[in-house]
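Topology and contacts: notes
Here is how the chains run, residue by residue.
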Amino acid sequence: MNRHDIIILGGGESGAGAAVLARLKGYHPMVSDNGIIKEKHKKLLTDHGIEFEENKHSEATILDADEIIKSPGIPDKAPIIQSITAKGIPVISEIEFASRFTDARLIFITGSNGKTTTTLLTHYILTKGGLNAGLAGNVGKSFALQVATEQHDIYVLEISSFQLDGMFKAKADIAVLMNITPDHLDRYHYNFQEYIDSKFRVINNQGHGDHFIFSFDDPVILEHLSKIEVPSRHFPFTSGDRAFREGAFVRDNQVVFNINEKETSMTLEELALQGRHNLYNSMAAGISARLLEIRKETIKQCLSDFQHIEHRLEFVASIHGVDYINDSKATNVNSTWYALESMHKTVVWIAGGLDKGNDYASLIPLVTAKVRVIICLGKDNRKIIETFGDLVETVIEVQTADDAVRAAYSLAHRGEAVLLSPACASFDLFENFEDRGNQFKKAIKNL
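Anyway, here's the lowdown on the structure attached to this text. (Residues numbered from 1 in each chain as written. Predicted model: local features only at pLDDT ≥ 70, side-chain atom pairs only at ≥ 80, totals over all residues. Heavy atoms only, no water.)

Right, let's get into the sheet that holds strand 4 (residues 67–70). Judged by pairing direction, the sheet is parallel, and its 5 strands sit side by side in the order 3-2-1-4-5 without closing on themselves. Two strands bound the open sheet, and with one partner strand each, they are strand 3 (51–54) and strand 5 (91–92). Relative to strand 5, strand 4 runs parallel, the two sharing 2 bridges. In the strand pairing of strand 5, Ile68 is matched with Val91. Across the sheet, helix 4 (residues 79–87) touches strand 1 (6–9), strand 4 and strand 5, and the angle it forms with strand 1 is around 150°. (Pairing = 2+ DSSP bridges. Helix = DSSP H or I, 4+ residues; strand = E, 2+ residues; numbered from the N terminus. Contact = heavy atoms within 4.5 Å. Axes fitted to C-alpha atoms, helices over the stretch in contact; angles between N-to-C directions.)

A word on the pattern of salt bridges. Counted under the stated rule, the structure contains 24 salt bridges. The partner of Lys70 in a salt bridge is Asp76, and the shortest N-O contact between them spans 3.9 Å. In this structure, Lys227 and Glu223 form a salt bridge, with 3.6 Å as the shortest nitrogen-oxygen distance. Each member of the salt-bridge network shares a partner with another, and the members are Arg3, Asp64 and Asp66. (Salt bridge = Lys/Arg side-chain N within 4 Å of Asp/Glu carboxyl O.)

This brings us to the pairing of strand 6 (residues 105–110). Remember that side chains alternate between the two faces of the sheet whenever the strand is regular. Counting buried positions along strand 6 yields 5 of 6 residues, so the element is predominantly enclosed. Looking at chain direction, strand 6 and strand 8 (residues 154–158) are connected through 5 bridges and run parallel. Across the sheet, Arg105 pairs through a bridge with Ile154, a residue of strand 8. Pairing analysis gives 4 bridges linking strand 6 to strand 9 (residues 174–177), with the strands arranged parallel. Among the inter-strand pairings, Ile107 is bridged to a residue of strand 9, identified as Ile174. (Buried < 20%, exposed > 50% of the residue type's maximum accessible area, 1.4 Å probe, protein only.)

Attention shifts here to helix 2 (residues 39–47). By the burial criterion, the buried members of helix 2 are His41, Lys42 and Leu45. Looking straight down helix 2, one finds its buried side chains confined to an arc of 105°; they lie on one side. Of the exposed residues in helix 2, the ones pointing more than 90 degrees away from its buried face are Glu39, Lys40, Lys43, Thr46 and Asp47. Among the structural elements, helix 1 (13–24), strand 2 (29–33) and strand 3 are those in contact with the buried residues of helix 2. In the stretch just after helix 2, Gly49 is the one whose phi turns positive, near 65°. (Arc of directions from axis to C-beta.)

Moving on: the nonpolar core. Grouped together as the largest cluster of nonpolar side chains are 49 residues, with contacts concentrated most on Phe108, Phe143, Leu157, Ile180, Phe200 and Phe212. With 6 residues, the single largest contributor to this core is helix 1. Ile154, Ile174, Ala284 and Ile287 belong to the second largest nonpolar core, which has 38 residues in total. (Core = buried A, V, L, I, M, F, W, Y, C linked by side-chain atoms within 4.5 Å.)

See the structure below:
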């Protein structure tokens, strides 16, 4: 059997795409997945003559490779990764691999929250502005597959900390850092600084001709910036009135973009996405678009007509005077903080799931002020009950989305809102946050 010079661990969207690109570039790749590979990915691999295995990792074959491309979902503490590391075989991400084979301009967007919305909004503005832009990373199709089979002039990529950890030579022409709050600490030895360092890898390899867009309102970002040298041009954004020479701010109820000392502005009410977190998303996307010389009128139009993304404060239905809102994408405490902050009604809050080392303290004032009932949807709800049990009228535990919705239906009063905003990962009871959100929506339709 021919030796495999590249092994791709994980046969999902990114892994299958990386395998196709590797094959087309003359490598002899193999995909190894410890679970089941979806049929559509098997077909893609088979169509390109790529070997794969599922439900196992053949260690001898894997440890004979020159390089490993790892799915971001596989933790470094996994036994196979420990063996690879011990042997000194380089482990990279799909983004790192694919970036070797494209001259397109790259926008990397990361942050604990808001990165999906910002990525989709940025891509929307660029395509409406006439650019040939690809959408990849954690959204859209595999970056590697697009590099292999399509030709884009620019790629807008949502990048997680796990992907950044496997990136070494890749460089963003425009790097966007939305915010940094404690998240995924289970993957970073419960050390917040390790997670901060990971997020800041988004500016790796940038030079004076590159651009760095970041939140001026995030104290963690500002503190870390005070300790490091960043050669790229800085474009901060803030919800305050602080007239940056380059960046975005709010003045007289208008969001103002000031790029190259040329201002573009629109009223806050004109923004399609409302709420402070969405103001930040709109600012980051707008700055990126102005840097790429998209017309001001196009940017304003797109920021005013962009449709909200699924599973992020998504209005589902109003039944007997109760609003049902799907915020399943809120997989960390800060996302849920924004969700609760945006609520103007008393809340029946559906929370819980796989805890990633959460500190719920920041939610206590909002829960005290706005939440009447908590429905815990998770296998282990002790931390949520201990933190909030004495602050609300009722706490109950359920194990399915159906039971959560039925409980909410019976407990909610007219004029209240039922909010699924878990603050936790979904993997204890669901396939992913989309599955959790879809089951929630289906249960509402079945009421």
